[in-house]
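Single-letter residue listing:
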Amino acid sequence: MHSGLTPWPENDAARYRAAGYWNGEVFSGFLAERARRFGPRTAVIGGGQRWTYTELHRRAERLAAGFAGLGIAAGDRVVVQLPNTAEVFEVVFALFRLGALPVYALPAHRAAEIGHLCAASGAVALVVPGAPAESDRRSFDYPAMAVRVREETPGLAHVLVGGPTGAAPGATGLDAVRAAAPGIAPPGIAPDPGGTAFLQLSGGTTGLPKLIPRTHDDYLYSVRASAEICELTPDDVYLGALPVLHNFPMSSPGFLGVLHTGGAVVLAPDPSPATCLGLVEAERVTVTAAVPPVALLWLDAVESGAQAHRDLSSLRLLQVGGAKFAAEAARRVGPVLGCRLQQVFGMAEGLVNYTRPEDDDETVATTQGRPISPDDEVRVVDSADRDVPPGAVGHLLTRGPYTIRGYYNAPEHNAAVFTADGFYRTGDLVRRTPTGHLVVEGRAKDQINRGGEKIAAEEVENHLLAHPAVHDAAVVAEPDPYLGERSRAYVIVRGPAPAAGELRRYLRDRGLADYKIPDRVEFTDAFPATAVGKTSRRGLRDTP
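Keep in mind it's a predicted model, so treat the numbers as computed, not measured. (Residues numbered from 1 in each chain as written. Predicted model: local features only at pLDDT ≥ 70, side-chain atom pairs only at ≥ 80, totals over all residues. Heavy atoms only, no water.)

Novice: Help me understand the environment of Gly-24 in this model?
Specialist: Relative to the elements of secondary structure, Gly-24 occurs in the loop between helix H1 (10-18) and helix H2 (30-38). With 197 residues separating them along the chain, Gly-24 and Tyr-221 place their C-alpha atoms 9.7 Å apart. Here Gly-24 is in contact with Pro-193 and Asp-217, once residues within four sequence places are set aside. (Helix = DSSP H or I, 4+ residues; strand = E, 2+ residues; numbered from the N terminus. Contact = heavy atoms within 4.5 Å.)

Novice: Just checking my understanding: could you explain the sheet that holds strand E1 (residues 42-46) for this structure?
Specialist: Strand order across the open sheet formed by nine strands is E2-E1-E11-E10-E12-E13-E14-E15-E16, with mixed pairing between neighbours. Lying at the two open borders of the sheet, with one neighbouring strand each, are strand E2 (49-52) and strand E16 (370-371). Helix H11 (residues 273-283) rests against E1, E2, strand E10 (237-240) and strand E11 (264-267) of the sheet, and its axis sits at about 160° to E10. (Pairing = 2+ DSSP bridges. Axes fitted to C-alpha atoms, helices over the stretch in contact; angles between N-to-C directions.)

Novice: Teacher, can you tell me more about the sheet that holds strand E18 (residues 394-399) here?
Specialist: Strands pair in a sheet through their backbones, by hydrogen bonds, and they do so in one of two ways: parallel or antiparallel. Ordered in space as E17-E18-E19-E20, the four strands form an open sheet in which the pairing is antiparallel. At either margin of the open sheet sits one strand with a lone partner, and together these are strand E17 (377-381) and strand E20 (438-443). Direction aside, the axes of adjacent strands within the sheet are offset by 45° on average.

Novice: How should I be thinking about the pattern of salt bridges in this particular structure?
Specialist: Any two side chains of opposite charge can pair if their charged atoms end up close together. Going through the model one piece at a time under the given rule, you end up with 39 salt bridges. Residue Glu-25 is joined to Arg-34 by a salt bridge in which the shortest nitrogen-to-oxygen separation is 2.6 Å. Judged by its relative accessible area of 17%, Glu-25 falls in the buried class. Using a relative accessible area of 3% as the deciding quantity, one classes Arg-34 as buried. Between Arg-178 and Glu-90 there is a salt bridge, with its nearest N and O atoms 2.9 Å apart. With Arg-178 in helix H7 (residues 174-180) and Glu-90 in helix H4 (residues 86-98), the pair connects residues that are 88 residues apart, well separated along the chain. Comparing Arg-178 with Glu-90 shows no difference in burial state: the two are buried. Connected via shared salt-bridge partners are Glu-478, Asp-480, Arg-486, Arg-488, Arg-520 and Glu-522. (Salt bridge = Lys/Arg side-chain N within 4 Å of Asp/Glu carboxyl O. Buried < 20%, exposed > 50% of the residue type's maximum accessible area, 1.4 Å probe, protein only.)

Novice: Help me understand unusual backbone geometry, please; the structure alone is not making it clear to me.
Specialist: Outside of glycine, negative phi angles account for most residues, and trans bonds account for most peptide bonds. For the bond running from Ser-252 to Pro-253, omega is -10°, close enough to zero to count as cis. Mapped onto the elements, Pro-253 comes out in the loop between helix H9 (247-251) and helix H10 (254-261). At Asn-409, a residue that is not glycine, the phi angle is positive and equals roughly 50°. Along the polypeptide, Asn-409 turns up in the loop between E18 and helix H16 (411-417). The exposure class of Asn-409 is partly exposed, given its relative accessible area of 40%.

Put into structure tokens, the structure is as follows:
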């Protein structure tokens, strides 16, 4: 099958190699090299397991042999949908060892998304968690779903199940694959560093998500550079609070950056304050990452006293990304959690921005960072692709040594999303500061056009978050027969809810223009969420 990869132009590729960004390292040798360097150090803790680098490497080698016995070979695509347990690392590195391509799914995905991923990638196997215990009726039966997907997906030969296999007929447990392994997999052909290493999912704002092909060269450069920016050392302990096969907790710097430097990865089964702050205390976690709704829950849990008893003194860095973290919330991190905040703004397609250790507190609170690489090219343009004046808001376009040049097997979509000269249209509205930091003003689709007046949803949200009774806020557009669109604010409160009129007066008192005051205010207990836990604005827009 065609690789589906849109290559970088050769002159750009040569420049990135000459600069040392692309150094030829490939994922098939990544773990073996770290096991050689950091063998007895703890690599991963999770799901009741605690493995050293040597143990993780040996387990991945044995599982690779088992996969090879099933006929999985270099170039085969395998959809991996596993929770935050040590086994997920074993599976992924076993596939890399064979030169097979993991296709990363999230635990929240269901048959529609998984079936799409298997069909679109041409997957030969699907790896899912085990079935729930009979007494646990709340948990989802992944093996049963996977077997149904296989029945509807030509070419999907294997359903492989981690943990307890349950009773799903036609599924093979990973324990059985390990037991049948003849030893270790024979040496494979070294993959092309410029070839596809794995496939990720796009954000999927419309329809089913597109597949993102990431190469060994481009992705491992972003991992190494991220680890350096975040000042990781072998003594760091990283808490994976989000689904670790999502781009943010995988590579920014994520578990790959931590393994690259010889640190330990602790995997949380859920992102709740009790679970995660308890793990920070128990495992002396130094670095962790959260999306804004999760970070707000942690902050509130400590401030309210529910988790104030936790010893969080080991924590030096909280990364917040996946969506804009409002300045009002950002300023709470240091006083409440006692650690430094790092804002992270990026995308699975490539470009990642970080605030830096040397940035002042105001820059950290009010910007979403600056790009990883000196060769990240950023343009901020109007709707006609003309560069806007410095400091003005516009559409973000980017290209660089780790930003893809096209989605997997999607030529029509690529023609719309990439410019003729290779810039990726991110869909984000940003402005650039004189220091090169980006301030995210929202998504293009999140801008509300109220009778010709443009409202940036995140501006209004930031003002709402300043109210002492507001835990979280999201502002979306709703259709209006006279204005075209009007604004609706959804608010989650701490304690008793203020009246909607009180919130509107509060916004006016803060100097917000009348046309930006939400036309409707709705109080809710929770926002609909995407698979990784970010607020789903589409879900809010679709709410009657």
